[in-house]
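Structural characterization, general
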Amino acid sequence: MSDPPSSTDSNSIQLDARFSVSVREEECVEFGWKPWLGTILAWFLCCGPALAAPSFNYISEDPSFAEDADWMRARMVDLVESNRGRLPNGKTAFYADALRHYNLIFNRGFGYIYEFADDLIEPSEARGFLEYLLAGQRADGCIPDRVNSAGRAIYSPGGENNPLADHALDNSSFLASAVCRYVANSGDLDFFRRHEPALRRGMDFISRAPNGLVFNNPENPQCVYGFTDLVKKTGHLLFTSVLCHNACVALEAACRKAKAGDPDEYARRAQQIKANIGILWDRHSGAFWVADGLCKQYDVWGTAFVLHNGLSTPEQEKAALGFLVNNYPRYAEKGQIRHILNPET
């Protein structure tokens with residue numbers, strides 16, 4: 001790993017034209033794209049240091065901002081429509097790619113598209129899709145990574161018959177969050193009451209350390225965050241822990257509204273992750289580590305994700321914003337954001 005970047009006091013950060021983010025320069029054609037990432041980083045780089053917390057309502061005065069937003073909206077409408085298909089049971093599916101190269105429906109991919117474009121998906125469509133994924137849960141609680149067009153559940157990235165591991169550690173969190181979003185959008189509390197026990201088994205299946213963080217055992221490593229599925233990170237995991245935190249927060253709220261499950265337990269788990277996420281913070285650079293076993297590297301995506309979800313202390317937030325601003329040329333190019341700093345691999 002290269003020499004660690006220094007963290008600069010956010011009061012001295014100078015923003016300039018380098019930090020104009022455009023997503024048009026390289027269009028993305030699959031749901032594998034993380035639409036939140038550029039948005040989060042654009043805010044961090046342009047206005048984050050001026051704000052006290054990651055909750056914001058910021059609209060750029062740059063005329064190109066509205067034009068880019070309109071383009072992104074139109075592109076997302078096209079993506080949702082072109083990837084819409086039918087399951088064997090007649091319900092709606094959202095496939096991984098418009099050309100059906102994969103011919104698979106991904107838990108993770110739907111989680112992202114439903115989080116950021118749920119207004120383009122009818123509640124009945126979401127419900128049928130979620131039921132299809134839930135039906136693939138294993139007896140031990142493991143939630144599918146994806147389901148093929150014939151209804152076969154697959155639990156790990158990799159080939160259908162030669163998986164990379166037994167399962168992916170983010171499966172349960174993505175599905176739980178998507179179910180809770182569906183329930184919040186539709187008011188279908190009976191759906192949540194019916195499926196909460198399965199979601200709880202899925203959350204219990206996640207490998208966690210006593211401190212609450214998601215933990216990948218180096219003696220039996222599983223796939224981590226799915227968009228980095230080939231990387232065997234071990235030890236405490238940053239990105240997957242934040243996903244677990246978010247799922248627990250959503251489950252707590254849904255449990256309280258539906259008067260089902262154990263909301264206090266979900267609240268405890270979320271708070272435990274928030275209290276201990278600093279284990280993965282590097283004070284010298286201001287960034288958060290990807291993991292503290294294999295791949296102990298500065299995590300650009302994960303650092304932004306921690307800040308976005310309000311899990312950092314004020315000291316960590318200030319230092320992390322400095323890291324993101326001062327290292328922008330090392331992770332951004334043509335609207336695309338590297339997971340780690342260039343030239344690391």
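Relevant structure appears above.
I will try to describe carefully the structure that is included in this document. (Residues numbered from 1 in each chain as written. Predicted model: local features only at pLDDT ≥ 70, side-chain atom pairs only at ≥ 80, totals over all residues. Heavy atoms only, no water.)

Quick word on the packing of aromatic side chains
Ring pairs (aromatic) are described by centroid distance and by the angle formed between their planes. Tallied over the entire structure, the rule returns 14 aromatic pairs. Ring geometry for phenylalanine 94 and phenylalanine 129: centres 6.1 Å apart, planes at 50 degrees, overall tilted. Of this pair, phenylalanine 94 sits in strand β2 (residues 92–94) while phenylalanine 129 sits in helix α4 (residues 123–134); the two residues are 35 residues apart in sequence, bridging distant segments of the chain. Judged by relative accessible area, phenylalanine 94 falls into the buried class, the value being 3%. Ring geometry for phenylalanine 110 against tyrosine 114: centres 5.2 Å apart, planes inclined by 15 degrees, an arrangement best described as stacked. On the criterion of helical spacing, the pair formed by phenylalanine 110 and tyrosine 114 is a turn pair, its members being four residues apart in helix α3 (residues 107–117). Tyrosine 114 matches phenylalanine 110 in its accessibility class, with the two residues each being buried. A cation sits over an aromatic face here: arginine 138 above tyrosine 155, 4.8 Å from the ring centre. The ring centre of tyrosine 266 lies 5.7 Å from the NZ or CZ of arginine 200, which sits over that ring. (Phe/Tyr/Trp six-rings, centres within 6.5 Å; stacked < 30°, edge-to-face > 60°. Helix = DSSP H or I, 4+ residues; strand = E, 2+ residues; numbered from the N terminus. Buried < 20%, exposed > 50% of the residue type's maximum accessible area, 1.4 Å probe, protein only. Lys NZ or Arg CZ within 6 Å of the ring centre and 35° of its normal.)

With respect to helix α2 (residues 63–83)
In an α-helix, one full turn covers 3.6 residues, which means residues spaced three or four apart are oriented alike. Spanning 21 residues, α2 covers 31 Å between terminal C-alpha atoms, matching the ideal 30 Å at 1.5 Å per step. Of all the positions in α2, only Asp68, Trp71, Arg75, Met76, Leu79, Val80 and Asn83 are classed as buried. Angular distribution of buried residues about the axis of α2 spans 165 degrees; they occupy a single face of the element. Residues of α2 that are exposed and angled more than 90 degrees away from the buried face: Pro63, Asp70 and Glu81. Buried residues in α2 make contact with β1 (84–86), β2 and α3. For α2, the N-terminal cap is aspartate 62; the gap from its side-chain oxygen to the backbone nitrogen of serine 64 is 2.9 Å. (Expected span 1.5 Å × (residues − 1). Arc of directions from axis to C-beta. Contact = heavy atoms within 4.5 Å. Polar contact = N/O pair within 3.5 Å; in protein donor to acceptor, adjacent residues only side chain to side chain.)

Let's talk about the pattern of salt bridges
The full count for this structure, using the stated rule, is 21 salt bridges. In this structure, arginine 181 engages aspartate 118 in a salt bridge whose closest nitrogen and oxygen atoms are separated by 3.9 Å. Here arginine 181 is found in helix α5 (residues 171–186), whereas its partner aspartate 118 is found in the loop between α3 and α4, with 63 residues between them in sequence. For arginine 181, a relative accessible area of 30% puts it in the partly exposed group. Shared partners join several salt bridges into a network, and the residues in it are Arg200, Asp204, Glu265, Arg268 and Arg269. (Salt bridge = Lys/Arg side-chain N within 4 Å of Asp/Glu carboxyl O.)

What about the packing of helix α6 (residues 189–205) against helix α8 (residues 263–276)?
Contact geometry for α6 and α8: axes closest at 13 Å, N-to-C directions at 30 degrees. The angle between the axes of α6 and α8 places the two elements in the roughly parallel class. The two elements α6 and α8 cross, and the hand of that crossing is left-handed. Contact with α6, carried on its side by Glu196, Arg200, Met203 and Asp204, involves Glu265, Tyr266 and Arg269 of α8 and no other residues of that element. Of the residues assigned to the contact of α6 with α8, the class counts are two nonpolar, no polar and five charged. (Axes fitted to C-alpha atoms, helices over the stretch in contact; angles between N-to-C directions. Parallel < 35°, antiparallel > 145°, perpendicular 65-115°, else oblique. Left-handed = near helix turned anticlockwise from the far one by under 90°. Nonpolar A, V, L, I, M, F, W, Y, C, P; charged D, E, K, R; others polar.)

Observations regarding the layout of surface pockets
Roughly 460 Å³ of volume is contained in the second largest pocket. If you go around the second largest pocket, you meet 21 residues; those closest to its centre are Glu115, Ser177, Arg181, Asn246 and Asn309. For the lining of the second largest pocket, the elements supplying multiple residues, two or more each, are α1 (35–46), α3, α5, α7 (238–258) and α9 (300–308). For the lining of the second largest pocket, the leading source of residues is α5, giving six residues. Considered class by class, the residues forming the lining of the second largest pocket number twelve nonpolar, seven polar and two charged. (1 Å grid on protein atoms, 1.4 Å probe; cavity = no way out; pocket = protein on both sides within 12 Å on 5 of 7 lines; lining within 4 Å. Points joined across faces, edges and corners; volume = space filled by probe spheres on them.)

A short note on the packing of α6 against α7
Relative placement of two packed helices is described by the angle separating their axes and the distance separating the axes. Axis separation between α6 and α7 bottoms out at 11 Å; the angle between their running directions is 145 degrees. Along this stretch, α6 crosses α7, giving a crossing that reads as left-handed. Contacts from Leu189, Phe192, Arg193, Glu196, Leu199 and Met203 of α6 reach α7 at Cys244, Ala247, Cys248, Leu251, Ala254, Cys255, Lys257 and Ala258. Of the residues contributing to the contact of α6 with α7, the split by class is eleven nonpolar, no polar and three charged.

Description of a nonpolar patch on the surface
On the surface, Leu164, Leu230 and Val231 cluster together into a nonpolar patch covering about 260 Å² of accessible area. Structurally, leucine 164 can be placed in the loop between β5 (153–154) and α5. We classify leucine 164 as partly exposed; its relative accessible area is 33%. (Patch = residues over 30% accessible without salt bridge, like charges linked within 9 Å, V, L, I, M, F, W, Y side chains within 5 Å. Areas by Shrake-Rupley, 256 points an atom, 1.4 Å probe, with all protein chains shown as cover.)

What about the nonpolar core?
Residues Phe110, Val179, Phe192 and Ile277 are the most contacted members of the largest nonpolar core, which totals 87 residues. Residue contributions to this core peak at eleven residues, all from α7. Not counting residues within four places of it along the chain, the set of residues in contact with isoleucine 277 comprises Leu213, Leu238, Ser241, Val242, Phe288, Val306 and Leu311. (Core = buried A, V, L, I, M, F, W, Y, C linked by side-chain atoms within 4.5 Å.)

Regarding unusual backbone geometry
A cis amide bond, omega 10 degrees, links asparagine 342 with the succeeding residue proline 343. Take proline 343: it is sitting in the segment after β9 (336–337). Of note, the phi angle at asparagine 103 is positive, near 55 degrees, even though the residue is not glycine. On the secondary structure map, asparagine 103 appears in the loop between β2 and β3 (104–106). Not every positive phi belongs to a glycine, and lysine 259 is a case in point at roughly 55 degrees. Relative to the helices and strands, lysine 259 resides in the loop between α7 and α8.

Such coordinate-based values are descriptive only and should not be taken to indicate function.
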